[in-house]
Amino acid sequence: FKSTKERKPKKKQNVSADGENQEEKVTSGSDSGLRVSSQVDEYEQDTSDEEDIRNTVGNIPMEWYKDYPHIGYDLDGKKIFKPIRNKDELDEFLDKMENPDYWRTIHDKMTGTDVCLSDEQVDLVHRLQQGKFGDVNFNEYEPAIDFFSNEVMIHPVTNRPADKRSFIPSLIEKEKVGKLVHAIKMGWIKPRRPKETAPQYYDLWAKEDPNAILGRHKMHIPAPKMRLPGHEESYNPPPEYLLTDEERQVWEQQDPDERKLSFLPQKYLSLRAVPAFSRFIQERFERCLDLYLCPRQRKMRVNVNPEDLIPKLPRPRDLQPFPTLQSLVYHGHSSLIRSISISPSGQWLVSGSDDCTVRFWEVCTTRCLKTMEVGGPVKSVAWNPAPSISLVAVSYGENVILVNPGLGDRLICSATDQLISSYEEPEEVKDQQVQWAVPEGKAQEQGQRLILTHPKAVKQVSWHGRGDYLACVMPDDGSSLQVVIHQVSRRRTQNPFHRNKGAVQCVSFHPSRPYFLVATQRYVRVYNLIKQELTKKLMANCKWISSMAVHPGGDNVICGSYDCRLAWFDLDLSTKPYKVLRHHKKALRGVAYHKHYPLFASGSDDGTVIVCHGMVYNVTACFCFSSLALSHISFYSVREWCVSIFSPQLFGLIDVYIANHIYSNLGCIVTITLPTLSSSQVRKASSSFALTLHCPKL
């Protein structure tokens with residue numbers, strides 16, 4: 001079979017100036033010199049596939065051939081080379097402007113040539129873009145032929161014999177059905193309940209049950225209920241519900257919105273005599289308006305667990321050290337101990353008791369080094385805070401004695417005696433309300449250096465931080481002489497107040513500023529000693545203040561009261577308490593700050609000592625609330641993990657509680673409950689109370 005090229009005569013194409021192709025045919029034969037007009041060629045419109053250039057690479061990305069000179073292979077396996085010159089943007093623009101068939105010309109990536117689409121191809125593209133069929137003569141709405149109709153045909157559609165499985169039960173289905181039957185018998189599968197076809201009716205405005213239909217709608221708002229009728233709406237109301245003539249006139253003069261009742265109660269002999277309600281339609285109409293037009297707001301209720309609102313406190317183990325165990329017990333006093341005080345060095349402890357004695361102890365060994373008898377029950381003792389002065393103030397009755405215990409460094413003791421003996425009396429002696437006297441004889445040998453006799457009984461003594469001034473409190477509500485300040489070096493006494501506002505309970509000097517704090521029954525007043533004026537008035541919000549302590553930084557004050565409260569004041573924040581603690585069940589007797597650690601304690605008549613941890617951020621040292629029962633408490637200043645407390649329920653004993661761990665955070669409260677023992681039980685258990693906890697640091 002010969003190819004088309006062999007069957008075709010040779011053609012010679014001449015391209016004219018206007019771009020049209022003209023063909024000239026050359027005929028062979030005897031009349032070669034004569035030109036014959038061209039005849040129609042039967043192969044001119046031939047579009048056989050054999051003449052087309054077909055790329056046989058298949059459906060692959062043509063980017064694979066971008067680095068090769070050819071673009072694929074034809075049917076004969078020959079390479080199809082790329083065009084020698086590709087069009088740039090300028091040629092593309094010129095072709096777009098000059099070629100009228102540019103809009104229908106597409107680039108064939110398979111052959112690398114430009115193909116001009118015919119009118120039929122363009123029409124086919126438009127039809128496909130519009131979602132129509134490609135064939136113009138195709139009728140998509142042609143009626144369908146019902147091949148499988150309800151008419152019985154003579155011949156079957158197929159004469160294929162039926163399979164064997166069409167009339168034999170399936171074993172696989174039998175196994176599945178058996179499993180389902182077994183599951184139903186065992187109760188694993190429960191059959192569906194038949195649907196209830198009966199109509200369900202419910203009250204649209206009723207109070208919905210959570211399990212009801214409307215209860216499942218979260219945003220449904222029930223309509224407001226009408227008020228139930230009362231006795232005034234009865235046809236035979238009690239006489240007190242009937243209005244008098246004056247009340248009737250007042251009711252008629254009021255506006256309808258101001259009336260308590262929208263009708264007048266009336267009394268009838270029987271129910272048959274009651275006429276029809278004249279405002280029935282109006283009342284029903286207003287009720288419909290209430291249901292339809294009255295706006296109702298849905299208030300979302302937040303279900304919060306009350307325990308989640310309480311701040312989470314750290315574990316007490318993380319806040320250590322704080323006093324938790326009884327370590328040392330000091331024996332010797334035979335009656336109630338009123339006050340204790342620790343020396344600035346932390347080595348010595350002084351205590352005063354109702355047995356008219358003052359005892360000096362060594363803290364670490366609990367050994368009583370010195371006992372001094374005075375002329376009455378001791379109410380208060382205070383060790384001079386200055387480390388260069390060895391003096392202890394002891395108050396009993398109307399007297400205050402200054403004692404040099406002679407403990408510790410002998411140079412300090414001798415310097416203290418020289419300071420007191422170097423006093424020279426002035427030429428002009430002024431009358432003072434307090435008498436200064438120098439003891440002699442046995443009192444001098446015991447260490448007493450000065451005796452200050454006051455006009456009234458002294459309740460408290462408090463030293464200034466430098467050790468030269470001593471404040472004494474003589475509570476008396478009707479007198480102006482309740483607080484006096486003594487200067488030891490000049491033996492001078494002055495009354496800083498001409499008139500006291502209320503009964504003074506306790507006083508304290510500010511540790512770093514020239515302030516003097518005076519606590520009355522309900523207020524704490526802060527005075528400036530240099531300007532001699534009132535600086536602040538702190539309101540404790542309690543009935544009766546019993547004790548007071550100032551933080552070593554000077555910016556915070558705590559007060560204990562007889563109404564079981566402990567008030568914490570921040571002097572830079574407000575005159576009202578920053579915190580009020582109500583942990584005790586009975587009256588508070590004493591409060592104290594630790595000098596270095598963030599601890600403060602409170603002691604109460606309920607037999608408990610509460611040590612609190614509270615951080616102060618604007619000072620160099622942190623502080624903590626410490627509440628120590630019962631009459632007096634004091635922190636051990638040198639060894640920060642130790643706090644020494646006094647419990648008046650243990651007659652004649654001083655207990656020391658220690659902690660030997662490290663604390664880290666704030667917010668924890670530890671309660672220490674002290675045992676209640678009689679004096680006979682204490683004497684019997686004296687040997688076992690000597691040392692209850694061994695600490696390697698002691």
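Right above here is the structure, for reference.
Residues numbered from 1 in each chain as written. Predicted model: local features only at pLDDT ≥ 70, side-chain atom pairs only at ≥ 80, totals over all residues. Heavy atoms only, no water.

Student: Residues and numbers for the overall build of the chain, please.
Tutor: Along its length, the chain carries 10 helices and 36 strands. Taking as baseline every contact in the chain between residues at least 6 positions apart, the subset at least 24 positions apart corresponds to 49%. (Helix = DSSP H or I, 4+ residues; strand = E, 2+ residues; numbered from the N terminus. Contact = heavy atoms within 4.5 Å.)

Student: So what's going on with a nonpolar patch on the surface? Which residues, and what values?
Tutor: Nonpolar side chains collect at one region of the surface, where L180, I184, M186, W188 and I189 lie side by side and expose about 550 Å² of accessible area between them. For L180, a relative accessible area of 48% puts it in the partly exposed group. (Patch = residues over 30% accessible without salt bridge, like charges linked within 9 Å, V, L, I, M, F, W, Y side chains within 5 Å. Areas by Shrake-Rupley, 256 points an atom, 1.4 Å probe, with all protein chains shown as cover. Salt bridge = Lys/Arg side-chain N within 4 Å of Asp/Glu carboxyl O. Buried < 20%, exposed > 50% of the residue type's maximum accessible area, 1.4 Å probe, protein only.)

Student: Which residues make up the nonpolar core, and what values do they have?
Tutor: L402, V461, W463 and L470 are the most contacted members of the largest nonpolar core, which totals 21 residues. Of all the secondary structure elements, the ones that give two or more residues to this core are β14 (399–403), β16 (448–453), β17 (460–463) and β18 (469–473). In contact with W463, not counting residues within four places along its chain, are A382, W383, N384, P385, L391, A393, L402, Y469, L470, V488 and F509. If you look at the next biggest cluster of nonpolar residues, it comprises 17 residues, including L538, A540, V557 and A567. (Core = buried A, V, L, I, M, F, W, Y, C linked by side-chain atoms within 4.5 Å.)

Student: Can you lay out unusual backbone geometry for me, pointing to particular residues and giving the numbers?
Tutor: Even without glycine at this site, R491 takes up a positive phi of about 50 degrees. Its location among the elements puts R491 in the loop between β19 (483–487) and β20 (492–494). By relative accessible area, which is 16% here, R491 ends up buried. Phi at Q532 is positive, roughly 55 degrees, even though this residue is not glycine.

Student: Can you lay out helix α8 (residues 410–421) for me, pointing to particular residues and giving the numbers?
Tutor: The terminal C-alpha atoms of α8 lie 16 Å apart, and with 12 residues this matches the ideal 16 Å at 1.5 Å per residue to within 8%. When α8 is considered as a whole, its buried residues turn out to be C413, T416 and I420. With its buried residues spanning 60 degrees around the axis, α8 presents them on a single face. Seen from the buried face of α8, the exposed residues on the opposite side, beyond 90 degrees, are R410, L411, Q418 and S421. Close packing links the buried residues of α8 with β16. The backbone nitrogen of L411 has a side-chain oxygen 3.2 Å away, supplied by the residue at the start of α8, namely D409. (Expected span 1.5 Å × (residues − 1). Arc of directions from axis to C-beta. Polar contact = N/O pair within 3.5 Å; in protein donor to acceptor, adjacent residues only side chain to side chain.)

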